[in-house]
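These are the residues of each chain, in order.
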Amino acid sequence: MAWQGLAAEFLQVPAVTRAYTAACVLTTAAVQLELLSPFQLYFNPHLVFRKFQVWRLVTNFLFFGPLGFSFFFNMLFVFRYCRMLEEGSFRGRTADFVFMFLFGGVLMTLLGLLGSLFFLGQALMAMLVYVWSRRSPRVRVNFFGLLTFQAPFLPWALMGFSLLLGNSILVDLLGIAVGHIYYFLEDVFPNQPGGKRLLLTPGFLLARAQQCPHRTGPSAGDFRAARPQLAVAGPSGHSRARVAQGQQESSQHLPEAKQGEQG
């Protein structure tokens, strides 16, 4: 049955991506069915610390607004780039990936107090995209078939798209800032003279990840290689056609990662 096939496919998704995406969809569905209200989910320091409604520290990252274009747009990016990170640079490092979520969530919450931000899910999405883009600097991205550019420009393209839709870019800037802090502390500073790794994953997360068996899927690089590649301009300025391998992707309009070849 189609439903069973869809469920089996979803179970192949890495654990963290599967859990976070499912939590976001279920939260939005509960709001849509009026089982929950956004007023029960948004971040309110007074209610958190005075009324002990601590769930708001989590639920504000799970609600992306009512069903509509903005919700599906955000879910596509969350699912895609969260999965690419988990199957790429965090492959076999589930505890480190969870710690990145915790680090980003705590820092966004603290900085969000300054800007009176109530929902931070979009900021978390921007952080995921930023970290992936900085770790994939040579990948070329096709943005909805309109623009093609190097991956590090993707977070800024998303921010510009939000601006065109009339949304505030403050949340996107927060996500980019937190993503840059994480990237600097994790990837840049340890490689500097006298630098060291400051973000150490807590032992309880490492122990928990070892206790939970998880399915190992193909890497993000395998997914990129499996997609048909369009002709892209290399550093020399000449266009080179990439050979298509694997299955045809379901939609030509989603942003697609393409590995540019060296000229």
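This text gives an overview of the structure that appears in the document. Not measured: the values here are computed from a predicted model.

Quick look at the overall build of the protein chain
Broken down by element type, the protein chain carries eleven helices and five strands. When each of the 263 residues of the protein chain is scored for burial, the buried share is 43%. A separation threshold of at least 6 residues defines the contact pool for the protein chain, and within that pool the share at least 24 residues apart is 65%. Looking at the protein chain as shown, the accessible area adds up to about 14400 Å², and 65% of this sits on carbon and sulfur atoms.

Focus: a nonpolar patch on the surface
A cluster of nonpolar side chains, L33, L35 and L36, forms an exposed patch at the surface whose accessible area comes to about 310 Å². In this structure, L35 sits in the loop between α2 (15-32) and α3 (45-49).

A short note on unusual backbone geometry
Residue E34 is not a glycine yet carries a positive backbone phi of 65 degrees. The phi dihedral of F52 falls on the positive side, at around 60 degrees, and the residue is not glycine. Tracing the backbone through its elements, the reader meets F52 in the loop between α3 and α4 (56-59).

Focus: the packing of aromatic side chains
Summed over the entire model, instances satisfying the criterion amount to 16 aromatic pairs. With 6.0 Å between their ring centres and 50 degrees between their planes, F103 and Y182 make a pair best called tilted. On the criterion of sequence distance, the pair formed by F103 in helix α6 (residues 94-115) and Y182 in helix α9 (residues 170-188) is long-range, its members being 79 residues apart. Across the pair, exposure class does not vary: F103 and Y182 are buried alike. Aromatic rings pair up to connect F69, F73, F77, Y81, W132, F143, F149 and F161 into one cluster. R80 extends its terminal NZ or CZ atom over the ring of Y81, reaching a point 5.9 Å from the ring centre.

Describing the pattern of salt bridges
All told, the structure shown has five salt bridges when counted by the stated rule. In this structure, R83 engages E87 in a salt bridge whose closest nitrogen and oxygen atoms are separated by 3.3 Å. One end of the pair, R83, and the other, E87, are both in helix α5 (residues 69-87), four residues apart, so they sit about a helical turn from each other. Neither residue differs from the other here; R83 and E87 are each classed as buried.

Cut-offs used in this document
Residues numbered from 1 in each chain as written. Predicted model: local features only at pLDDT ≥ 70, side-chain atom pairs only at ≥ 80, totals over all residues. Heavy atoms only, no water. Helix = DSSP H or I, 4+ residues; strand = E, 2+ residues; numbered from the N terminus. Buried < 20%, exposed > 50% of the residue type's maximum accessible area, 1.4 Å probe, protein only. Contact = heavy atoms within 4.5 Å. Areas by Shrake-Rupley, 256 points an atom, 1.4 Å probe, with all protein chains shown as cover. Patch = residues over 30% accessible without salt bridge, like charges linked within 9 Å, V, L, I, M, F, W, Y side chains within 5 Å. Salt bridge = Lys/Arg side-chain N within 4 Å of Asp/Glu carboxyl O. Phe/Tyr/Trp six-rings, centres within 6.5 Å; stacked < 30°, edge-to-face > 60°. Lys NZ or Arg CZ within 6 Å of the ring centre and 35° of its normal.

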